[in-house]
Each structure stands twice: as C-alpha cells, then as structure tokens.
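# Analysis of the macromolecular model
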Amino acid sequence: MSDSKKRMRLSQAIPLIHVQACMKLKSQANTLVFSYLWWVLEPLLFVLLFYFVFKHVLNRGGDDYFLFLMMGKIPFLWFSKAVNSGAMSIQQNKGLISQRVIPKVIFPLVNCQEALYKQAFAFSILIVFLVANGHHDVLNWWQAIPLIILQYLLIAGVAVLFSCFATFARDFTVVIGMFMMCLMFTSGIFWDVNTIQDPALRDLLLMINPLAAIIDGYRKVFMYQELLNLKYMLCVLAWSITTFGVGYWALNRYSNTLTRRLFA
Amino acid sequence: MTLPIINVNNVTIEYTSRVGFFKRFKHKALDDVSFEVQPGEVFGILGGNGSGKSTLLKVLGGILHPDEGEILVKPGVSRALLSLGLGFNPELTGEDNAIISSMLNGYSKKQAQDLCKDIAEYSELGHFFYQPVKTYSSGMKSRLAFSTAVLTEVDVLLVDEVLSVGDKKFKQKAQETLSEKIKGHQTVVFVSHSEQQVRKLCDRSIWLKDGVLQAYGPTAEVISKYNNG
C-alpha cells in the first residue's frame, strides 16, 4: 500500500478534526470585527432579507411566515456553506499536503465540523424565536436530534464527495454553484413542499432531494408538532451513506492522482 | 551491512500541465533515480534550482507516488518533511500550528500541548509564539518549522533548505541539534544549495541535475563532481 493511502486511526482522527475545527473558528473570529457575533448575525440577516422580499415585496406567506422561512433558510445555509467550504478544503490545505501524508478525507470533515459548531448558535436563535412566537409544545422536539445528526451526515457525505471532484477539476466549483442554486429552489425553503398537488411528484421530490425532506422535517418537528416521516429519513440516510462511501473510496483510491493535480 | 531504511529504485516522476485547450506540457522532475539511505546516516541532496530536489523529498516522504520505479521503506518507519512554513495555517498562532503539527505526527492533544512548551522555548519566538503565523518573518517561520519538526520524534527527518533561512545564531543552534540527533541515530535526508552545509553534515550524498542523478557516494566525492560539473 502506498503511503498516501495509509489509514489514520479513528481515535487519532476524531480529536484532530475537533481541534482543527476549533482553531479555525478561533482564527476566523479573531480576524473579524464582530468576531463570534457573526455566527448569529449572518443567518439572521439572510432570513430578514428573504422575509422582506417574500412577505413585503411579493406579498407571500401567512402569519408564521418568518418562522417558516427560518426553518428553511437556516438548515439550507448550514448545508450550502459547509459543502462549499468542504469541497475546497483539500485545495486550501495544499501546503500541509505537500509536507505530510494525511488522509485527504480529514480536510472536508474539519470544515464540516467547523460548520456544525457555528450552526449550534444559529439553532439557538431558532429556538428563541420559536418560544418567543408561542411555540411552547416541546413534546416532539427530541426528533430534532436525529434530524440534526442526519443533516450532518448528509453534509459530510456530499462535502467529501465534492472535495474529490473539486480537487480533480477546479471547474467543478461552477457545478457546485449551480447545484446549490437548484437545491435552493427545489428544497422548499420559501415555499412548502406539501403544497405540491400531485402526491406522486411530492413523494418523488422528498425521496430524491434529501434536503427537501430535512427542511420539511424541521417544520414538522418545530412548527406543526408532527412525527418525522421514517421513509424520507431513511432516504436521507441512504443518500448520506452513499455519498460518503463513494467520496471516501475515491479520495483513497485516487489519493496520489489528487496530490499530483494539486501540484500540477 | 545493515539494511537500508529507504531504498529508492529507478524512480521517475513526470508532471503534466495544460498550456492550452488541447496542449499539454510534460516534463520529468525525476528520471530513473536510484540510491539507498542507511539508518542513522545524514544523507545529502545537492542540486541547483529545478533539479528535482524538493520533488525527491516529497517522494521520500510518501507524499508523491512515483510514476515508475519504487520506494521501499522499512516497515513502521515514521517520516516528517520539514520545509519552509508551507504546512502552516497563517491565520493560526505558532502555538496552534505546533499543536496541529504534533497531532499529525500521532501525538494526543495533551502530549502536543506539553510538547508546545519545549517548542516555544527552543524556537526562541518569545511572545510571537502566541501570535498568528501571518505576522512572522520568513526566519521566524523557519524557526517554528524547525523546532516543531526536530522536537517531534520521527525516524527519518527530511529537511528541505530550512537551515538556509534565519539568523546566524539560530542556524548554528539548528546545526548543533541536527548533529546531536545524528549522534542519537536519527536518520536525516538533507536538501541544500549550500555545499558547505552538506559537506559539514552529510556522510553520503547525491547530486541531481534536471532530475537526473549525476553522482552518488561519499559527500567529498559528490561535491568534487558537483564543482566540476
């Protein structure tokens, strides 16, 4: 086995991913004027912008539209930012790769972990808004835990797979941009997937677009006090395992090719 | 005779880069290079700019895999490549970079934090050790890189030009540390432009020119051919 394909023990990889993610957060906070405050401000500003456009310019949505939008936009922002940064992570760590034999899967996972820690702040804001808006029925909120874990797994899977593609061909970043745009319009962020009239089409969308199933899941749990749909959650899990498996295999199988692409 | 710790057999590395839509530029960074590194020796790599020295070090470090030929390394041998500040995240402090570097070499976070005290002291960076690396001069980066690599226990240390930067006092200290490490049976592969440093530190050497091995053997003989070539 070539050195570039050597495995890192999980007991070594997990603390390394956590430490690197924490250090990245610290360094980012130190370089920005509003420091840690940005982790709360950024999702809020995005939601406010969308709310203004859809509620007041386009006259869309009902009473709970601001919360509805938050339930869609905050998980989407987590997904898009983590996947975008994860996809570029191998290129960003070119210097480190030129000096050490490190399994490449570590780099997208560090960025996903970093995004998870930031997301904890965004979710805290979400909970505050829910309670402030009279959503006190917390009986079903425990479902948010498996839902967050599922979303994290999906992010990790897609980021690992995309990091392989983006390292092989930088042009892929254009495809990622288009992919995110497509997801933004098809995941039910500012509209409700349950308003699709054709049940077969709705079912198909929730199965082939795991982000749509996740966003619908957040609304079910936090806004409508409903149970998660197990079938769609299993589809999300299947997507996560498949993308992670293919990405992990490709990063190992083509590790040397990818290193050469970085220095070509 | 002892078994070599690293055995390089007919290694060729070819880079291909695109220069137009259908045009590609190919060049051999290393062309059929063979030599052996013995345990506990300091092995020198001499050559001018673009001769393939740094590529060879990456191959020895397991970072690049040869297109042709093979690198045989004794099982369980750990290697660390030490070059100028490339592996550092400029936004992180010297301390944070040293912790990550040590953890990448297999240390736990606690062990890495303990080692950091020694790195801070050895590197003589003072309060700069706790500042982002982007505020460092190239000499300071070199000191941090050298201190981190030299204090982390590895079987083979691959040193790339790092002793060419930094103040005279630190260079002297670094050379002394390397000499001590060598006495303690540390294997070092040392790349340098400086004939003087190679002559002083290395038992055996190679001379590379345009990726091709020009000379291989005792350092004095290799330097003599290098000067005449």
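Residues numbered from 1 in each chain as written. Chains lettered and ligands numbered in written order. Predicted model: local features only at pLDDT ≥ 70, side-chain atom pairs only at ≥ 80, totals over all residues.

Our working rule: UniProt positions are given in the numbering used here, feature names are shortened, and annotations may be inferred rather than shown by experiment.
Looking at an unreviewed UniProt entry, chain B carries the name ABC transporter ATP-binding protein, with the source organism given as Motilimonas pumila. Under the UniProt heading Sequence similarities (unreviewed entry), the entry covering chain B gives this text: "Belongs to the ABC transporter superfamily."

Identification of chain A as Transport permease protein from Motilimonas pumila is taken from an unreviewed UniProt entry. The UniProt entry for chain A carries this comment under Sequence similarities (unreviewed entry): "Belongs to the ABC-2 integral membrane protein family."

## Some points on the overall build of chain A
Formally: Segments assigned H or I by DSSP are reported as helices when at least four residues long, segments assigned E as strands when at least two residues long, and all are numbered from the N terminus. The globule rule used for comparison is 2.2 Å times the number of residues to the exponent 0.38, while the radius of gyration itself is calculated over C-alpha atoms. Buried, partly exposed and exposed are defined by the number of other C-beta atoms within 10 Å of a residue's own C-beta, namely 20 or more, between the two limits, and 12 or fewer respectively, with C-beta atoms placed from the backbone. Any residue pair is listed as a contact if its two C-beta atoms, each placed from the backbone, are within 7 Å.
Across its full length, chain A carries 11 helices and 0 strands. Overall, chain A shows an N-to-C arrangement of helices and strands of α-α-α-α-α-α-α-α-α-α-α. Scaling as 2.2 N^0.38, a compact globule of 264 residues should have a C-alpha radius of gyration of about 18 Å, and chain A matches this with 19 Å. With the principal axes as the frame, chain A shows a C-alpha extent of 60 × 45 × 35 Å. For chain A, the residues scored as buried account for 38% of the 264 residues in total. Once local pairs closer than 6 in sequence are excluded, the contacts in chain A between residues at least 24 apart make up 78%.

## Concerning the UniProt feature "transmembrane region" (unreviewed entry) in chain A
Residues and elements named next belong to chain A. Feature annotation in UniProt places "transmembrane region" (unreviewed entry) on residues 33–53, 65–84, 105–132, 144–165, 172–191 and 230–251, given in this structure's numbering. As annotated, residues 144–165 has a helix share of 100% and a strand share of 0%, and its two end C-alpha atoms lie 31 Å apart. The span residues 172–191 is 75% helix and 0% strand, and its two end C-alpha atoms sit 29 Å from each other.

## Side note on unusual backbone geometry
Within the chain, A:Q225 stands out as a residue other than glycine whose phi angle is a positive 50°. Within the fold, A:Q225 resides in the loop between α9 (210–222) and α10 (230–253). The backbone of B:E124 shows a phi angle near 55°, a positive value even though the residue is not glycine. Inspection of the secondary structure puts B:E124 in the loop between α3 (109–123) and α4 (138–151). Given 15 C-beta atoms within a 10 Å radius, B:E124 is considered partly exposed.

## Quick word on the interface of chain B and chain A
Rules: Residues are grouped as follows: Ala, Val, Leu, Ile, Met, Phe, Trp, Tyr, Cys and Pro are nonpolar; Asp, Glu, Lys and Arg are charged; every other residue, Gly included, is polar.
Chain B puts 23 residues into the contact, and the matching count from chain A is 22 residues. Breaking the side of chain B that touches chain A down by element, the ones donating at least two residues are β1 (6–18) and α2 (94–104) of chain B. The leading source of residues in the side of chain B that touches chain A is α2(B), at 5 residues. Looking at the side of chain B that touches chain A, its residues break down into 10 nonpolar, 9 polar and 4 charged.

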